[in-house]
Amino acid sequence: MKLTLHIWRQKNASSAGKMVRYETDASEHMSFLEMLDVLNERLIAQGEEPVAFDHDCREGICGSCGFVINGVAHGPLPSTTVCQLHMRHFKDGDELYLEPWRAAAFPVIKDLVVDRSAFDRIIAAGGYISVSTGSAVDANALPVRKKDSDMAMDAAQCIGCGACVAACPNASASLFMSAKISHLGLLPQGQPERMERALNMVAAANEELFGSCTNIGECEAVCPKGIRLEFIARMNRDFLKASWTFRADRVEGD
Amino acid sequence: MSAAATALTGKSADRPGFWANPIGKKAVMAVTGFVLFGFVIGHMVGNLQVYLGPEKLDAYAEFLQKTKGLLWGARITLLTCVILHVTAAFQLAGLQNKARPQKYVKKTSAGSSYASRTMYWSGPILLAFIIYHLMHFTTGQAHPDFQPGMVYRNVVTGFQSVPASLAYIVAMLMLGTHLYHGIWSMFQSVGINHPKYTPLFKKLAAVMAAVLVGGNVSIPVAVMTGLIR
Ligand code: HEM
Ligand code: SF4
Ligand code: FES
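Residues numbered from 1 in each chain as written. Chains lettered and ligands numbered in written order. Predicted model: local features only at pLDDT ≥ 70, side-chain atom pairs only at ≥ 80, totals over all residues. Heavy atoms only, no water.

### Quick word on the interface of chain B and chain A
Step number 1: Contacts between the two partners involve 49 residues from chain B and, on the opposite side, 55 residues from chain A.
Step number 2: Of the roughly 4100 Å² buried at the junction of chain B and chain A (both faces included), carbon and sulfur atoms supply 55%.
Step number 3: Among the residues chain B hides against chain A, the three largest losses belong to Arg15(B), Ile23(B) and Tyr104(B). Together they make up 15% of the total.
Step number 4: The tally of links between chain B and chain A comes to 0 salt bridges.
Step number 5: Joining chain B to chain A, the criterion identifies 24 residue pairs in polar contact (both at pLDDT 80 or more). (Contact = heavy atoms within 4.5 Å. Buried area = accessible area lost by both parts, 1.4 Å probe. Salt bridge = Lys/Arg side-chain N within 4 Å of Asp/Glu carboxyl O. Polar contact = N/O pair within 3.5 Å; in protein donor to acceptor, adjacent residues only side chain to side chain.)

### Remarks on the coordination of the iron atom of ligand 1
All names here are of chain B.
Step number 1: At the metal site, the iron atom of ligand 1 is ligated by His-85 (NE2) and His-178 (NE2), and these contacts range over 2.0 to 2.1 Å.
Step number 2: Each of the 6 donor atoms bound to the iron atom of ligand 1 contributes to angles spanning 83 to 180°, and the resulting shape is octahedral. Taken together, the residues His-85 in helix α4 (residues 68-99) and His-178 in helix α8 (residues 162-189) connect sequence positions 93 residues apart. The pair His-85 / His-178 is uniform in exposure class, with both members buried. (Donors = N, O, S within 2.8 Å, 3.2 Å for Na, K, Ca; no water. Tetrahedral: all angles 85-135°; square planar, octahedral: opposite > 155°, others 65-115°. Helix = DSSP H or I, 4+ residues; strand = E, 2+ residues; numbered from the N terminus. Buried < 20%, exposed > 50% of the residue type's maximum accessible area, 1.4 Å probe, protein only.)

### Focus on the sheet that holds strand β3 (residues 68-69) of chain A
Residues and elements named next belong to chain A.
Step number 1: Across the sheet, 5 strands lie side by side as β2-β1-β5-β3-β4; this open sheet has mixed pairing. The outermost strands of the open sheet, each flanked by one partner alone, are β2 (18-25) and β4 (72-73).
Step number 2: Relative to β4, β3 is paired through 2 bridges, and the arrangement is antiparallel. By the bridge assignment, Val-68 is partnered in β4 with Ala-73. (Pairing = 2+ DSSP bridges.)

### Re α8(B)
All names here are of chain B.
Step number 1: The end-to-end C-alpha distance of α8, which contains 28 residues, comes to 39 Å, matching closely the 40 Å that a straight helix rising 1.5 Å per residue would cover.
Step number 2: Most pronounced at Gly-182, the bend in α8 amounts to some 35°.
Step number 3: For α8, the N-terminal capping position is held by Ser-161, with its side-chain oxygen 3.2 Å away from the main-chain nitrogen of Ala-164.
Step number 4: Looking one or two residues beyond α8, the residue adopting positive phi is Gly-191, at roughly 95°. (Expected span 1.5 Å × (residues − 1). Bend = angle between axes of the 7 residues up to and from the residue.)

### Section: the domain arrangement of chain A
Residue and element names in this part refer to chain A.
Step number 1: The domain architecture assigned to chain A consists of domain 1 (2-109) and domain 2 (117-245).
Step number 2: Here the C-alpha centroids of domain 1 and domain 2 sit 29 Å apart.
Step number 3: If you look at the interface, domain 1 gives 17 residues, while domain 2 gives 17 residues.
Step number 4: Together, the buried faces of domain 1 and domain 2 total about 1300 Å²; carbon and sulfur atoms form 67% of this surface.
Step number 5: Scanning the region where domain 1 abuts domain 2 turns up 0 salt bridges.
Step number 6: At the boundary of domain 1 and domain 2, one finds 2 residue pairs in polar contact (both at pLDDT 80 or more). (Domains from an automatic or database assignment.)

Below, the structure written as structure tokens:
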């Protein structure tokens, strides 16, 4: 199949970028990234700079890949990362626009690659639990309701790809934050830090250049892992409760 | 205080408070939006008395004017709500503008309503309308022939002007879109989302938006078509 691609080319973080047009050939059995690999081999052979894009597992589990295809983060197939998207979902003669995630919090490093370390800083602020040292507790010694473990697992699906921010008209990170806050907050192991986790992760996100959530739902529609708006409500609940009722632990000499 | 103590007490100077946080602001918007929503329903029901004739409507207006406690209680509550709601809206809008300085060349919406994407348009238009509406029927500066206390007459003469009627109709369509998203969104903002109830909230939002638009728009339409005069 023949394709026309318009790809965002940007040399480095400080240079201005622009859309560049390429014609390429692809087989419907290729994945989207393989299609770009083929284009890149040709570009290298011609002595041109290949198109930079993030990828690692190519199995839809690591969260490295992701860019916007024709205005939709991770492309047209729901619940699918771009590495798991195949060319059979496109037609001969299609014209595709590939752009990096656009958000002040995710500056472009090169072409389709953005810096998502803002997510790491949010995780660092509260994505942990306290575990006592010594031998590990029996896995089934701590009862967890099936409903809670299911929901925690749903939230834990988030791979931190950033598509939610890219798709959100406000460039808000709410879906990602809510997945991380809910994942630990739903489990008994996550209870001791639950209130501070909500306060600290929300505060950390505030330090970054994300916008605020308007409950639009674009994030949910593009999330490759099916994270739901319901988790954002859960985060709001934890944050509101924590900010009204949180009591600081007493510290010696305070 | 040492860094460790700061982490433990949670009294970190750089952790923003309730209002300084978008989630806190959104909760305030939800609560004030809920109050305003309650008001617009009551206001519409009161206004529909225009169909019962001049005596009924004017008597109702006089009752409101005489019950000073109710009148000023309502005015102060509404003004407070509007100020909080609008302040939060403008502050959050500032945040959104900074969050995506570079727009997409191509952007397709993958699953959101038009109403939800245009809250930052419908809201400010409503603000402009509220000011105009007060100057039209409450204080009278924007009315061609304002007679204090003669509410029925003011409504009829006011809506005989086609531009004024059109402005009201457009504004009510804006209120409808604002509430089509707002009525379910306010639950989400305060943390209420459940697979059992959220679909009901969305239905409630659609029904209430339609009722409010229909009820309010009917009045200028009735005047322009000569149904009430
Ligand atoms: C009759 C007047 C109004 C009513 C009944 C009303 C009602 C609501 C409701 C129920 C919400 C949802 C709150 C939430 O999602 O938490 C909302 C959101 C919003 N309102 Fe209003 N509102 C009114 C006037 C205004 C005005 C005058 C403005 C403008 C400047 C405004 C701007 C907004 C914005 C921007 C949002 C979206 C906030 C967000 O989701 O982040 N509204 N409104
Ligand atoms: S919530 Fe979904 S879209 Fe957002 S980072 Fe996690 S996996 Fe990606
Ligand atoms: S490359 Fe790992 S999720 Fe796509």
